[in-house]
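The residues making up each chain are set out below.
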Amino acid sequence: MNLSSSMIALSILSSGSGSSGSGSAINPYQDDGGDMPAIEGSKARAAKKAFTTVKAAAPWESKDYKAADPAQLSAIRSMKSITAVSSADKLPADPDLRATFIAYRAVDRLQVLAQAAAKAGISTLDREQLQRRFELGLGQLRSFVENAGTDKLTLYYGKASASVQSFALNLPSYTVSGRGDAVASAPDAALTGLSGREVLEVHIGARGSARDTIRVDLSTGPQPPTLKSVVGSINAAIAAVTDRLPDGTIMRNGDGSARSRWSTRFEVREVSKGHYAIGYSLAAGEFASIGEEGAGDALMVAVARHGKSEADAVQLRRVNDPVTDLAASRTVGNDVSVDRAATARKAADIDAKESARKSQNKDHVRPDPTVNAGLTVHASASDADGNSYLVGTARGDYGAVRSDGNSALFLTKVDSGGHVLWRRALATTSHVEGAAISVDRKGNVSVAGTVAEKASAPGAIGHDADLLVARFDSSGEQLTRATIQNIGSDLARGVVADADGNIVVAGSTVDRSGARAGLMVRVDASGAVTQRVRVADVDEVRSVAIDAAGSVLALTGDNGGSSLRRYRSDLSGEMGHRSLGTGVQATALAVASDGRIGVAGATSSAVAGDQANARAGARDAFVTIVSDDLSGARTSYIGGSSDEVADSLAFSDGQVYVGGRTYGSLSGARGGVVDGFVARVSTSDGTVGAVSQFGAQGDVTGGVEVSVVHGGRNHLGLLGLSSGELAPRESAKIVDQTGIRPVPSGMGIAGLGAISGDTFRLQLDDGVIRTIAITADDTLASLRDKLKKVVGKAAMISLVRGEQDRTSLKISALPGHKVTLLHGVTTAEKGDALAMLGFTAGTVSTPVSSRDVKIRPGGRYGLNLADELAIVSKESAAQAAQQLASAAGELKRAYGSLFWNAGKAQIADGRPAGGGGGSAADRAKLASYKDALARLSAVSSARPTGSLL
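Fair warning: this is a prediction, and the values are worked out from it, not measured in the lab. (Residues numbered from 1 in each chain as written. Predicted model: local features only at pLDDT ≥ 70, side-chain atom pairs only at ≥ 80, totals over all residues. Heavy atoms only, no water.)

**Digging into the sheet that holds strand E4 (residues 176-179)**
Thinking step 1. Reading across the sheet, the 3 strands line up as E4-E8-E7 and stay open at both edges, with antiparallel pairing between neighbours. Taken across any chain shown, the strands that pair with only one partner, and hence form the sheet edges, are E4 and strand E7 (265-272). The mean angle between the axes of side-by-side strands here comes to 30°, regardless of whether they run parallel or antiparallel.
Thinking step 2. Pairing of E7 with strand E8 (residues 275-282) involves 7 bridges; the strand directions are antiparallel. Across the sheet, the residue bridging to Val268 is Ile278, located in E8. (Pairing = 2+ DSSP bridges. Helix = DSSP H or I, 4+ residues; strand = E, 2+ residues; numbered from the N terminus. Axes fitted to C-alpha atoms, helices over the stretch in contact; angles between N-to-C directions.)

Quick look at the structure:
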C-alpha cells in the first residue's frame with residue numbers, strides 16, 4: 001500500500017469542506033482556470049451536454065472592439081438603422097451570439113444619443129432632433145429583438161414575462177347595474193331644487209317587446225323629497241305592475257302575493273363618506289329608461305376647440321333651458337384623441353423630473369402627461385331618448401381603437417348629461433375623414449366619411465378617395481359597412497337614412513379628366529349600392545335629409561351659390577328646385593315636424609326670399625326657413641361687424657337653434673381668436689331671440705354642432721340621473737370596440753390567404769405558426785375559447801375583469817412552454833389585429849423550475865426598455881442612459897448564459913453555491929473518506945512517516 005498516495009488522494013477529496021487551509025489547497029468543484037479539472041456529479045455531466053455552443057470570447061471584450069463614443073454622435077444620427085452591422089465588427093456565426101451582439105451594439109449607440117441629450121446647454125431644437133433619432137432607433141431595436149432568429153435565447157424588448165394581456169374591453173355581466181352622481185349628504189336629506197310635484201316616468205321592457213310606462217308622482221310621497229323617499233316611490237310603482245298570463249290572470253308567488261312583472265329595482269348607494277347617489281340594478285334581459293312627464297327639450301352643443309385651453313379637444317356644452325336662458329350653458333364633458341407616442345414621452349420626462357426633484361411639496365400634484373392628437377367634430381344628431389351622437393375625425397388613439405398613424409372616422413354616443421356611453425372608430429389602412437351622421441326612426445345610426453386609399457378599380461391610377469358608409473345600432477354594434485369605390489375621387493359631405501334602412505350618401509366626385517360634379521349614392525340595408533347619381537352643373541351636394549313624404553332633400557353648391565333640391569326616394573329623378581342665390585354658401589339642412597325645411601350657412605349677399613332682418617356685415621351667418629313645397633322662404637341673419645358662419649341647426653319647441661362661429665363680437669366681448677355661438681330664432685316670424693357667444697383666450701373654435709336633447713329640460717339632474725336609458729348596453733363584439741375588420745364567419749384558417757380581414761399569428765414552442773382570425777361575432781369570451789383549442793395544455797387563456805366590468809384577455813405560458821405572438825400579414829385588404837387588441841409581438845414563456853432555468857443554455861432575458869423611453873429633457877435623457885446601461889448588462893448576461901461553468905455544475909448537482917460536495921451520495925462518500933483521513937492523520941502524528949515505510 002502506498003499510504004502517501006492514498007493520503008494525497010484523500011486530501012484532495014477533503015478540500016473544499018469548509019476548513020481553512022493553505023493557499024495551495026485545491027477545490028475540485030471550483031472552476032478556477034487551473035489545470036486541475038473540476039469534479040462534476042452525474043446530474044451536472046448530463047446537464048452539460050445541452051451546452052453545444054462553441055465557447056467564444058464576447059466581441060465587446062475583443063481588443064479590436066470599438067465602443068460607441070461621443071465622437072461617433074454625428075455618424076449615429078445619420079445611420080439608417082441603429083442595428084446596422086459595422087464592417088469592423090467580427091460577428092459570431094452562432095445565431096444566439098450574433099443576435100446578442102447586434103442588440104448590444106444598438107444599445108451602445110442609443111446610449112451615445114441619450115448621453116448627448118443629457119448634457120446641459122444644448123438647444124431645444126437639437127434635443128428634439130436627438131429625440132426623433134432616438135425614438136426611431138428604439139423602434140428599430142424593438143423590431144430587431146422581436147424578430148431575432150435566436151435558438152436557445154429568448155430576448156425581450158421589455159421585461160421577460162410569462163403572460164400578456166390585451167386592452168380592457170366591454171364584456172357585459174349577466175345583470176346590469178349603475179348609479180347616478182352623488183347629490184345628497186345623507187339618504188334622508190332634503191333634495192334642493194325639487195318641489196315635490198314632479199312626475200317621473202320609468203319605462204321598463206324586454207328586447208323586442210313594448211315597454212311598460214310606470215308613472216311615479218312624487219307629490220304622493222313624503223315631503224320634502226329625499227333620495228330614500230324617491231327610491232321608495234319608484235320601487236313601489238314598479239312592484240305594482242303585476243305579471244299576468246295571456247288570459248289576464250295575475251301570476252302569484254308561493255305565498256300568494258301578486259308577482260311583479262319586472263325585477264329592476266332602485267336603491268340609495270353610498271359613493272363615499274357623506275356622499276349618496278341613486279343606484280339601480282336591471283335583471284337579465286330587462287331594459288329601462290327614465291324621464292320626466294311633460295319635460296321640454298334641452299340642447300347639447302359639441303364644439304371643436306384648438307388652442308391653449310383645450311388643444312384639439314371636443315367640448316360638450318349643455319343648455320338646460322334654451323327657451324328662457326340660452327346663455328346658461330355648462331360644460332359637461334371633454335373628449336380627446338390621444339397621441340400615444342407623445343404622451344409616453346411626456347410621461348417619461350415627468351417621471352424623470354419627479355425623481356430628480358430633491359424635495360416635493362406635500363400638495364404637489366403630478367402633471368397630466370396626456371398629449372392630445374387632432375379630434376374634430378363634423379356633425380351631430382340625437383335620438384328619441386335624449387342621447388346625442390357625434391361624428392368626426394380622430395388622428396390618434398380613440399377609445400379602445402389604437403391608431404396606426406392614419407386618421408379615423410369616430411362615432412361617439414353621449415347621454416343627456418354628456419356622459420360618454422361608447423366610442424367607435426372606423427379605421428382602414430389609409431386616412432378616413434368623418435363627415436356626416438343620421439339617426440333613423442329605429443334608433444340606428446348611419447355615418448359617412450371619405451377614405452383615401454389606393455384605387456383598386458380597373459384603369460384607375462394613383463391615389464383616389466372613396467366614400468365610406470356604416471350603420472350601427474344603439475348599442476354600438478356595427479350592422480353594415482361598405483366602401484363605395486369609384487374611378488376618380490369622391491368626397492362625402494352628407495348622409496341620411498330612411499324608415500326602410502336605405503342610406504343616401506352625398507358629396508362630390510372628380511373624374512379622371514378633373515371634371516367635378518355633385519354626387520348621391522343610395523345604399524340598401526345590406527350595404528349594397530342600388531343607385532348612383534352624378535348631379536351635373538353642381539359642385540357638390542353638401543347635405544341631405546328626408547322629408548315627411550319620404551323624398552330626399554339635397555342642399556347643393558353650384559356656380560358660386562346654393563340650391564335646395566327635392567328628389568324621389570330612389571333618386572330616380574328631381575322633383576323640385578329652389579335657388580338660394582349667388583354668394584350663398586349653405587351647408588346645413590334640417591326638417592321640422594311640420595314639414596318646413598331649415599337651411600343654414602354663411603352668405604355675403606341676401607338670400608333669395610323674404611327677409612326677417614337685415615344683413616350686418618360682409619359675411620353673415622344665416623338661417624332660412626323654406627316651405628315644405630319649396631315655394632316660399634324667409635331668412636334671418638346672425639351677424640356683426642366681422643365674419644360669421646353657421647355650422648348646424650336643429651328644430652325644437654317652435655324654435656330653430658343655430659350653432660356657428662364668429663370672428664368678432666355678437667354678445668359680449670370676444671374670448672378667443674375665433675369664438676363659437678348658439679342662436680335662437682323663432683320659426684313663426686324669424687326673430688333672432690338670443691345669441692350666446694363663448695370662447696377662451698388663445699383658442700380657435702372649430703365647428704359648432706347643435707343637437708336636441710329630447711325631454712332633457714327636466715329635474716333628473718337634481719337626482720343625479722340623466723334622462724334616457726339606464727345602464728345602456730354596449731356591444732361586446734371585438735370588431736365594434738376596436739375597429740378590427742372581421743374575417744367572414746365560418747372561414748377556415750386554411751382559407752385565409754384570399755380573404756380580407758384582420759388577423760394575428762401564434763406559435764406554440766417551436767411548432768407551426770397558426771393564424772388567428774377575428775370574425776364579426778367574436779367577443780373576448782369567444783376569442784378565449786378559440787385560443788384554448790389552439791394552445792391546448794401549453795398555455796392558460798383567461799379573462800381578467802377590471803374596473804367598470806372592463807375585461808382583458810390574458811395569455812399565460814405554462815411551465816416548460818412558450819407562446820410567441822406575431823403580427824398578422826398586412827395588405828390592402830388585410831391588417832394586423834395584434835396591435836389593435838393591445839398585444840405586443842413577442843414571446844411569453846415559463847420555465848419548468850427556477851433550477852431548470854439556471855442549468856439550461858440561454859433562457860429569457862428582458863432589456864426592460866419601453867416605447868416611452870425619451871430624451872426630451874436633461875433629466876429624462878440621464879434616466880434613459882441608465883436604463884440602456886442596464887439593458888447592456890442584461891445582454892452580457894444573456895451572452896454568458898450560453899456557456900457551461902462551475903456555477904451551473906454546483907446547481908445541477910444540488911450543491912450550495914460556493915460550497916463543497918456533490919450529490920447526497922457523493923457527500924456521504926466524502927464524509928467517510930474524511931473520517932478515514934482523520935484516523936490516518938492521528939497515526940501519522942504519533943509515528944514518524946519514515947518508520948512506517
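Now, onward.
**A look at the nonpolar core**
Thinking step 1. In terms of nonpolar packing, the biggest core is built from 48 residues, with Leu110, Phe134, Leu141, Leu865, Ile871 and Leu884 touching the most fellow members.
Thinking step 2. Elements with a contribution of two residues or more to this core: helix H3 (73-77), helix H4 (95-117), helix H5 (124-147), strand E1 (153-156) and helix H12 (874-896).
Thinking step 3. Setting aside residues up to four positions removed in sequence, Ile871 forms contacts with Leu113, Ala114, Ala117, Arg127, Leu130, Gln131, Phe134, Ser876, Ala877 and Ala880.
Thinking step 4. Counting 31 residues, the second largest nonpolar core, distinct from the first, contains Leu169, Leu762, Ile811 and Val844. (Core = buried A, V, L, I, M, F, W, Y, C linked by side-chain atoms within 4.5 Å. Buried < 20%, exposed > 50% of the residue type's maximum accessible area, 1.4 Å probe, protein only. Contact = heavy atoms within 4.5 Å.)

**Some thoughts on H12**
Thinking step 1. Between its terminal C-alpha atoms H12 stretches 34 Å, which fits the 33 Å expected from 23 residues at 1.5 Å a residue.
Thinking step 2. Of the residues making up H12, those classed as buried are Ser876, Ala877, Ala880, Ala881, Leu884, Ala887, Ala888, Glu890, Leu891, Ala894 and Tyr895.
Thinking step 3. Where the residues of H12 are buried, they touch H4, H5, E1, helix H7 (340-356) and strand E48 (859-862). (Expected span 1.5 Å × (residues − 1).)

**Focus on the packing of aromatic side chains**
Thinking step 1. This model, assessed by the stated rule, comprises 9 aromatic pairs.
Thinking step 2. Here the aromatic rings of Phe266 and Tyr280 are separated by 6.1 Å at their centres, their planes lie at 55°, and the arrangement is tilted. Here Phe266, found in strand E7, pairs with Tyr280, found in strand E8; they are 14 residues apart in sequence, far enough to count as distant. Across the pair, Tyr280 and Phe266 agree in class, each one buried. (Phe/Tyr/Trp six-rings, centres within 6.5 Å; stacked < 30°, edge-to-face > 60°.)

**Some thoughts on the environment of Ala258**
Thinking step 1. With respect to the helices, strands and loops of the structure, Ala258 is situated in the loop between helix H6 (227-239) and E7.
Thinking step 2. The spatial distance from the C-alpha of Ala258 to the C-alpha of Ala239 is 9.2 Å, given a sequence separation of 19 residues.

**A few points about the confidence of the model for the chain**
Thinking step 1. Across the chain, the average pLDDT comes to 84, with 86% of residues at or above 70.
Thinking step 2. Within the model, pLDDT remains below 50 along residues 454-462, and this stretch shows 11 contacts once partners closer than five positions in the same chain are excluded.
Thinking step 3. Every residue in residues 942-949 scores below 50 in pLDDT, and together they form 2 contacts with partners more than four places removed in sequence or on other chains. (pLDDT = per-residue confidence, 0-100.)

**Section: the side chain of Asp243**
Thinking step 1. Inspection of the secondary structure assignment puts Asp243 in the loop between H6 and E7.
Thinking step 2. Arg259 provides the closest opposite charge to the buried, unpaired Asp243, separated from it by 4.5 Å.
Thinking step 3. Not counting residues up to four positions away in its chain, the partners in contact with Asp243 are Thr249, Ile250, Met251, Arg259, Ser260 and Arg261. (Lys, Arg positive; Asp, Glu negative; His and termini not counted. Salt bridge = Lys/Arg side-chain N within 4 Å of Asp/Glu carboxyl O.)

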